[in-house]
Amino acid sequence: MNLELSEEQTAVQQLAEEFVEREITPHVIEWDRAEDVDRSIVKKLGALGFLGLTIDEEYGGSGGDHLAYCLVTEELGRGDSSVRGIVSVSLGLVTKTIAYWGSEEQKRAWLPRLTSGDAIGCFGLTEPGTGSDAGNLVTRAVADGGDYVINGTKMFITNGTWADVVLLFARTNDTPGHRGVSAFLVPTDTPGLTRRTIHGKLGLRGQATAELVLEDVRVPAAALLGPEGKGFSIAMSALAKGRMSVAAGCVGIAQAALDAAVRYAGEREQFGKSIAHYQLVQELISDISVDVDAARLLTWRVADLIDRGRDFATAASKAKLFASEAAVRAANNALQVFGGYGYIDEYPVGKLLRDARVMTLYEGTSQIQKLIIGRAETGISAF
Ligand SMILES: Cc1cc2nc3c(=O)[nH]c(=O)nc-3n(C[C@H](O)[C@H](O)[C@H](O)COP(=O)(O)OP(=O)(O)OC[C@H]3O[C@@H](n4cnc5c(N)ncnc54)[C@H](O)[C@@H]3O)c2cc1C
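So, how was this worked out
- Residues numbered from 1 in each chain as written.
- Predicted model: local features only at pLDDT ≥ 70, side-chain atom pairs only at ≥ 80, totals over all residues.
- Heavy atoms only, no water.
- Phe/Tyr/Trp six-rings, centres within 6.5 Å; stacked < 30°, edge-to-face > 60°.
- Buried < 20%, exposed > 50% of the residue type's maximum accessible area, 1.4 Å probe, protein only.
- Lys NZ or Arg CZ within 6 Å of the ring centre and 35° of its normal.
- 1 Å grid on protein atoms, 1.4 Å probe; cavity = no way out; pocket = protein on both sides within 12 Å on 5 of 7 lines; lining within 4 Å.
- Points joined across faces, edges and corners; volume = space filled by probe spheres on them.
- Helix = DSSP H or I, 4+ residues; strand = E, 2+ residues; numbered from the N terminus.
- Nonpolar A, V, L, I, M, F, W, Y, C, P; charged D, E, K, R; others polar.
- Near = heavy atom within 4 Å.
- Polar contact = N/O pair within 3.5 Å; in protein donor to acceptor, adjacent residues only side chain to side chain.
- Areas by Shrake-Rupley, 256 points an atom, 1.4 Å probe, with all protein chains shown as cover.
- Domains from an automatic or database assignment.
- Expected span 1.5 Å × (residues − 1).
- Bend = angle between axes of the 7 residues up to and from the residue.

## Notes on the packing of aromatic side chains
Within a pair of aromatic rings, the relevant descriptors are the distance that separates the centres and the angle that separates the planes.
(1) Moving on: In total, this model carries 8 aromatic pairs according to the counting rule given.
(2) Moving on: Relative to Y278, the ring of F271 has its centre 6.5 Å away and its plane inclined at 90°; by these criteria the two rings are edge-to-face.
(3) Moving on: Classification of F271 by relative accessible area gives exposed; the value is 79%.
(4) Moving on: One aromatic cluster in this structure is built from Y264, F338, Y341 and Y347.
(5) Moving on: Of note, R329 hangs over the ring of F322, and the distance from its end group to the ring centre comes to 5.5 Å.

Below is the structure:
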């Protein structure tokens, strides 16, 4: 496997790096404190093609391979995980799923808007009573004439209050467990759909995380994405690829932690020398550095497997598990290098740690990733 980036990949990485320095870094503290990201960022992400990566140009996409997608996601994660999450969910979970499972009509209706940033998407799987056990969700979609009428509540939905369309998972028949679940594309201005921003998050504070309540939301049969009853497979296939982009975002967090720790260790003097001279400080930096490299290599392997059309789901779980835990460790180690200043939000590392913490929870907790990997190794499902 050749780990050298192509000219195209290097160019897209540089574009993302410059974008982060220009459009994100100057605002990170302000957005975190305000619990809001400037929404004009979405159109800017679209204009550079970052919301259309891996999608066919025919539908407004910007093409590129999955490694290019990882490189952009890593850079955005280095800048601000709240912005990275907009792309991971809108492109990674919604646009890519419509591109794969959508009818021609659905692709024409949604893809050009989503890839340009004219619209953004959210992914409505989790409910108040079902997180890890998503297959037992209780939101109902009942056939009525040529329509479906949907009732239920979705919890912790990233982009929820900003989104124009929800990729929504609802039960269409009484078969217990995941076999009764179907996927729908529900425009968020459909009557009966209300949204509430969830405030007070530990991290990802700039992100529009929301609760969605659906009361007699009526959608036409054409809103069904993929075959009826296939919704859970659609959700799981979306999340498997989504885990690669979460992992890439975590590499970005760990890289930001490394950069900040090295810079600070070189500047801060104690006992007459910069703290970079002390071996115990070097140990912290060395641990972060190894985590960055290992997480990146596991993540790039997933991109390579996807681009070569190979099985990637277990590799994606391994990358997501390792990279998310590594991002938490790296940010925590960097905070230690910063001493007391790391605990103040004028310095970057506290936010990195707060943002990293959710990565071991969403898109499948670390425990769920271990069960997926354990099932692949033993052939025995613990679910
Ligand atoms: C900021 C944020 C953004 C999110 N964005 C989205 C989104 O866009 N769309 C969406 O659908 N969801 C989203 N989620 C939801 C997220 O995916 C869930 O929180 C996650 O799946 C865990 O579910 P839960 O919170 O209900 O925890 P639970 O499932 O209740 O788990 C609680 C604990 O029990 C453990 N556990 C559960 N089952 C097992 C088991 N079988 N074996 C061992 N341990 C187990 C878990 O690992 C965890 O430690 C988001 C969450 C957050 C916090």
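## Observations concerning the layout of surface pockets
(1) Moving on: Approximately 1400 Å³ is the volume found for the largest pocket.
(2) Moving on: Those elements giving two or more residues to the lining of the largest pocket turn out to be α5 (81–101), β3 (147–157), α7 (231–267), α9 (313–338), α10 (349–357) and α11 (366–378).
(3) Moving on: Here the lining of the largest pocket gets 6 residues from one element, more than from any other, and that element is α7.
(4) Moving on: Residues belonging to the lining of the largest pocket are distributed by class as follows: 23 nonpolar, 19 polar and 8 charged.

## Notes on the site of the ligand
(1) Moving on: Inspection of the region around the ligand gives 15 residues, with T126, S132, F156, T158 and T365 positioned closest.
(2) Moving on: F156 places a main-chain nitrogen or oxygen 2.7 Å from a nitrogen atom of the ligand.
(3) Moving on: In this structure, T365 approaches the ligand through a side-chain N or O atom, which is 2.7 Å from an oxygen atom.
(4) Moving on: Against a free-state accessible area of 990 Å², the protein chains account for coverage of 65% of the ligand.
(5) Moving on: Those elements that place two or more of their residues in the shell around the ligand are β3 and α11.
(6) Moving on: Classifying every residue of the shell around the ligand by side-chain character gives 8 nonpolar, 6 polar and 1 charged.
(7) Moving on: In this structure, the shell around the ligand is formed jointly by two domains, domain 2 (123–229) and domain 3 (233–378), each of which donates at least three residues.

## A short note on α7
(1) Moving on: Helix length check: α7, at 37 residues, gives a terminal C-alpha distance of 53 Å against a target of 54 Å (1.5 Å per residue), a fit within 8%.
(2) Moving on: When the local axis directions of α7 are compared, the greatest deviation, roughly 25°, occurs at K241.
(3) Moving on: Among the 37 residues of α7, 28 are classified as buried, and the element is accordingly described as predominantly covered.

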